[in-house]
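# Summary of structural features
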Amino acid sequence: MELATAGLADADDLSSITVTVFGLGKMGLPLAAVLADHGARVVGVDIDEETVTAVDDGHAPVSEPGLQALLDEYAETRLTATTDGQAAVADADVHIVLVPTLVDDASDPDLGPVLAAAKTIRGGVSAGDLVILESTVPPGTTAGPFAEAAEPDGLTAGEDFGVAHCPERTSSGRVIRDLTESYPKIVGGVSDAGTTAAASFYRQFNDPGVIEMPNATAAEAVKVFEGVYRDVNIALANELAKACEDWGLDAATVFEAANSQPFCDIHDPGVGVGGHCIPVYPHFVMNRAEETPLLATARAVNDGMPGHTADITASLVRGAGVDLADASVLVLGLTYRPGVDETRFAPAFDLVEALRDLDVTVAAHDPLLSAAEIESAGASPVTDPTDGTWDAVVLATGHEAYESLDLDALAGAMRTPILVDGRDFFDPADVTAFTYACIGDGTSEV
Ligand SMILES: NC(=O)C1=CN([C@@H]2O[C@H](COP(=O)(O)OP(=O)(O)OC[C@H]3O[C@@H](n4cnc5c(N)ncnc54)[C@H](O)[C@@H]3O)[C@@H](O)[C@H]2O)C=CC1
Ligand SMILES: CC(=O)N[C@@H]1[C@@H](OP(=O)(O)OP(=O)(O)OC[C@H]2O[C@@H](n3ccc(=O)[nH]c3=O)[C@H](O)[C@@H]2O)O[C@H](C(=O)O)[C@@H](O)[C@@H]1O
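Residues numbered from 1 in each chain as written. Chains lettered and ligands numbered in written order. Predicted model: local features only at pLDDT ≥ 70, side-chain atom pairs only at ≥ 80, totals over all residues. Heavy atoms only, no water.

## What about the site of ligand 1?
Taken together, 26 residues form the shell around ligand 1, and within it K26, M27, D46, T101 and Y281 come nearest. Here D46 contributes a side-chain N or O atom positioned 2.6 Å from an oxygen atom of ligand 1. R344 places a side-chain nitrogen or oxygen 3.4 Å from an oxygen atom of ligand 1. Bound to the protein, ligand 1 loses 89% of the 840 Å² it would expose on its own. (Near = heavy atom within 4 Å. Polar contact = N/O pair within 3.5 Å; in protein donor to acceptor, adjacent residues only side chain to side chain. Areas by Shrake-Rupley, 256 points an atom, 1.4 Å probe, with all protein chains shown as cover.)

Now the structure itself:
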């Protein structure tokens, strides 16, 4: 099989090919823009008409450093968008799927969007094309249901057209840099031709090159294992942090010293693990493997951290002589990670719920969210954290803005100045006006 990408190994750029990118979200739109920047003609495909209109008009509907500048340069020329995926595929050589993969209410992987995109590709794919699945998926998906859904009558996936899994490894906030210069791209084809073609494609724009895996399933496992590693290691940090609280030790001090040994890399404890990646990916293994007690335990430990933080807060409020039913608590930072306006699976939302379950009245502040988004967490929106007679303030997400928070003004306005630091964010020397507790710091009031 001669793929349309065959000449890329010797080409200067991607100007010989047309690429469709399915899913113009936080990951897909930056990828589409980077491909245009490397010479490809790119047609972005999305089921959301507002997204398509915004991209076609040159407006980035997601915020990512460097993205708007690329849209300013390439929208309406090399980069266009459409909801008609089938027509776009018929006119292109490489098709990349970067749509969401989540889990359903029973924590089973939801492959609906991935398979819907594959079926659209089936309507337009030609012999010699290359179909790439970048969405994170349970191992076995690309060679199994994905290839099957993308295969039209008369063509065999892996034989007549290439199919590969090349997971997206970038992080929100640094996607464009990660796509081009941070680490190797993992590629694994359903057949060797798919691996080779995908490798030539990504070498054109990812400076650190590629790692060719034996097959698509191995490439899927790489990505899922990276996420599992993160989740399990954060759970370990959280569990050890709670032990430090019991022993009157400061986990940060202990971890730092332990991590001076090169084989030790204890992560950061905190309010919990959020985002639609790390809390989700373990289920892609737990769902398929019969015996994964460690993964399930890690999930449970991390899911328990918002409740643990709420319990610490409640105990300090009670200790100050305030009845929980009369207490009002301010949560600082609701997004799942500092500087990223994403709230899916954000542990701060669970913290708000846990505090409300204890009868506490909860307000929240987040410099990246609207009042409506804050209300959707179940908290009253606050624009100035120092303007309230709170009984406790809990930092859940360490946004940069909180570095300049006027702590004296905050303490001065509060009814009972209690500060619970969920991310080891504050310098203890700066918080002497508060009764101060830090997750994992048994030398504070924890
Ligand atoms: N957000 C992150 O930090 C990272 C995400 N990933 C993976 O990347 C994938 C995409 O994630 P995001 O870009 O964050 O998602 P997102 O939710 O920001 O965007 C997904 C886009 O796909 C569109 N879409 C849904 N079904 C479609 C279909 N059938 N055809 C065309 N478009 C469709 C949606 O309308 C939306 O615009 C997921 O598998 C995720 O696990 C990987 C690394 C990091
Ligand atoms: C190791 C790593 O940084 N992985 C990235 C990760 O991105 P994500 O934005 O989910 O970031 P993250 O730093 O793992 O944070 C996830 C959650 O875990 C929490 N967290 C993180 C590190 C830590 O030591 N302790 C901790 O509690 C964060 O507060 C956050 O709520 O997941 C992405 C993904 O897999 O989709 C992946 O592409 C990214 O490379």
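## A look at a nonpolar patch on the surface
Among the surface-exposed residues, W247, L249 and V254 lie close enough to one another that they form a single nonpolar patch of about 310 Å² accessible area. In this structure, W247 sits in helix 9 (residues 216–247). (Patch = residues over 30% accessible without salt bridge, like charges linked within 9 Å, V, L, I, M, F, W, Y side chains within 5 Å. Salt bridge = Lys/Arg side-chain N within 4 Å of Asp/Glu carboxyl O. Helix = DSSP H or I, 4+ residues; strand = E, 2+ residues; numbered from the N terminus.)

## Things to note about helix 8 (residues 192–203)
Taking 1.5 Å per residue as the helical rise, helix 8 with its 12 residues ought to reach 16 Å, and the 17 Å between its terminal C-alpha atoms agrees with that figure. Every buried residue of helix 8 is listed here: G194, T195, A197, A198, A199, S200, F201 and Y202. (Expected span 1.5 Å × (residues − 1). Buried < 20%, exposed > 50% of the residue type's maximum accessible area, 1.4 Å probe, protein only.)

## Notes on the site of ligand 2
Around ligand 2 sit 17 residues, and of these T170, K223, R230, C277 and Y336 come closest. A distance of 3.4 Å separates an oxygen atom of ligand 2 from a polar side-chain atom of S171. Between G274 and ligand 2, the recorded distance is 2.9 Å, taken from a backbone N or O atom to an oxygen atom. Contact with the protein chains hides 83% of the accessible area of ligand 2, taken as 740 Å² for the molecule alone.

## Quick notes on the pattern of salt bridges
The final tally for this structure, using the stated rule, is 10 salt bridges. Between R203 and E212 there is a salt bridge whose closest N-O contact spans 3.2 Å. Take R203: its relative accessible area is 47%, and that puts it in the partly exposed class. A salt bridge links E342 to R344, with the nearest nitrogen and oxygen atoms 3.0 Å apart.

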